[in-house]
Amino acid sequence: MAQRSVRIGPSILAADFLRLGEHMAEAEAAGADFFHVDVMDGRFVPNLAIGLPVMEAVRRGTSLPIDVHLMVADPAEWIAPFAAAGADSITVHVEADPHLHRTLRSIEEAGATPGITLNPASPLVLLEECLPIVHQVLLMTVNPGFGGQTFIPASLDRIRRVRTMIDTANPGCALEVDGGITARNLPRVVAAGADTIVAGSSVFGPGAVVAEAMANLRAAVTEADPE
Ligand code: DX5
Ligand code: ZN
């Protein structure tokens, strides 16, 4: 099988917020394809992170696409504000929304591309009905809420199964992964079928040099043997 093209998006959650603009510029110069913005409300996940003022600043700081990951209990309420603040894609958790179809339509109406995401314990069948109308499936490879966690190994099999679902139902849909991605596990993650990679700590974390970290991730992508 031909190697599919793989996009890498640093998660700003792991950046030094005192020098967020510099960190973003370093990542962009090192070839970042997009930025991932984690929104947490302290209810859907046990943490608070990144509201609209920071989102607006991130928008001013880059022309790259901004990928918003809503980890909130009422995602429908936050679509219009984050789209207006400059989100290019908005991803909502299937576990958080009983009216997912309507919410996904509202993302398109707001001018962004819709995505759906699943926690590690959620059955993949929850993706099925909305898969044909989304541009992105985000598979969480850690339990959401915090950066710097360890990749859950069972995620590899889930990535393979979602790859098959996407190839059947919506081949243009991106398969994004988020949580604990490193240059070490990335070859297996890409071989399993992921094409859109979120990386927080491995790009911005303590001890990481952004340019080197991005180069290591890019090199790891090319090591992936298609399965
Ligand atoms: C976790 C967030 C992730 C996080 C990833 O809830 O959704 O986007 O920033 O960070 P790392 O790569 O450190 O696991
Ligand atoms: Zn995220």
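Here, every reference points to the structure presented above.
Residues numbered from 1 in each chain as written. Chains lettered and ligands numbered in written order. Predicted model: local features only at pLDDT ≥ 70, side-chain atom pairs only at ≥ 80, totals over all residues. Heavy atoms only, no water.

*Asks:* I keep staring at the sheet that holds strand β4 (residues 66–71) and nothing clicks. Help me out?
*Replies:* Sheet strands pair by backbone hydrogen bonding; their relative direction is either parallel or antiparallel. Spatially, β1-β9-β8-β7-β6-β5-β4-β2-β3 is the arrangement adopted by the nine strands of the open sheet, whose pairing is mixed. The open sheet terminates on both sides in strands that have one partner only, identified here as β1 (7–10) and β3 (48–49). Taken together, the three bridges between strand β8 (residues 174–178) and strand β9 (residues 196–199) define a ladder with parallel strand orientation. Counterpart to D178 in the pairing with β9 is V198. On the sheet, helix α2 (residues 52–61) packs against β2 (35–41) and β4 and is oriented at approximately 165° with respect to β4. Packed on one face of the sheet, helix α4 (residues 100–109) meets β5 (89–93) and β6 (113–118) and runs near 145° to β6. (Pairing = 2+ DSSP bridges. Helix = DSSP H or I, 4+ residues; strand = E, 2+ residues; numbered from the N terminus. Contact = heavy atoms within 4.5 Å. Axes fitted to C-alpha atoms, helices over the stretch in contact; angles between N-to-C directions.)

*Asks:* Hey, could you run me through the packing of helix α1 (residues 20–29) against α2 in this one?
*Replies:* Packed helices, taken two at a time, are described by their axes: the angle between them and the distance between them. Taken N-terminus to C-terminus, the directions of α1 and α2 make an angle of 45°; their axes are 10 Å apart at the nearest point. By the criterion of interaxial angle, the relationship of α1 to α2 is oblique. Helix-helix and strand crossings are classified by hand; for α1 and α2 the assignment is right-handed. When α1 is examined against α2, the residues L20, M24 and E28 are found in contact with a partner set consisting of V54, V58 and G61. Of the residues belonging to the contact of α1 with α2, the class tally is four nonpolar, one polar and one charged. (Parallel < 35°, antiparallel > 145°, perpendicular 65-115°, else oblique. Left-handed = near helix turned anticlockwise from the far one by under 90°. Nonpolar A, V, L, I, M, F, W, Y, C, P; charged D, E, K, R; others polar.)

*Asks:* When you look at α1 in this model, what are you seeing that I'm missing?
*Replies:* Since the α-helix advances by 3.6 residues per turn, residues separated by three or four positions end up pointing in the same direction. Taken together, the buried positions of α1 are occupied by L20, H23, M24 and A27. All buried residues of α1 lie within an arc of 95° about the axis, which places them on one face of the element. Those residues of α1 that are exposed and aimed more than 90 degrees away from the buried face are G21 and A29. Contacts made by the buried residues of α1 are with β1, β2, α2, α7 (201–204) and α8 (210–223). (Buried < 20%, exposed > 50% of the residue type's maximum accessible area, 1.4 Å probe, protein only. Arc of directions from axis to C-beta.)

Geometric descriptors of this kind do not, in isolation, establish any biological role.
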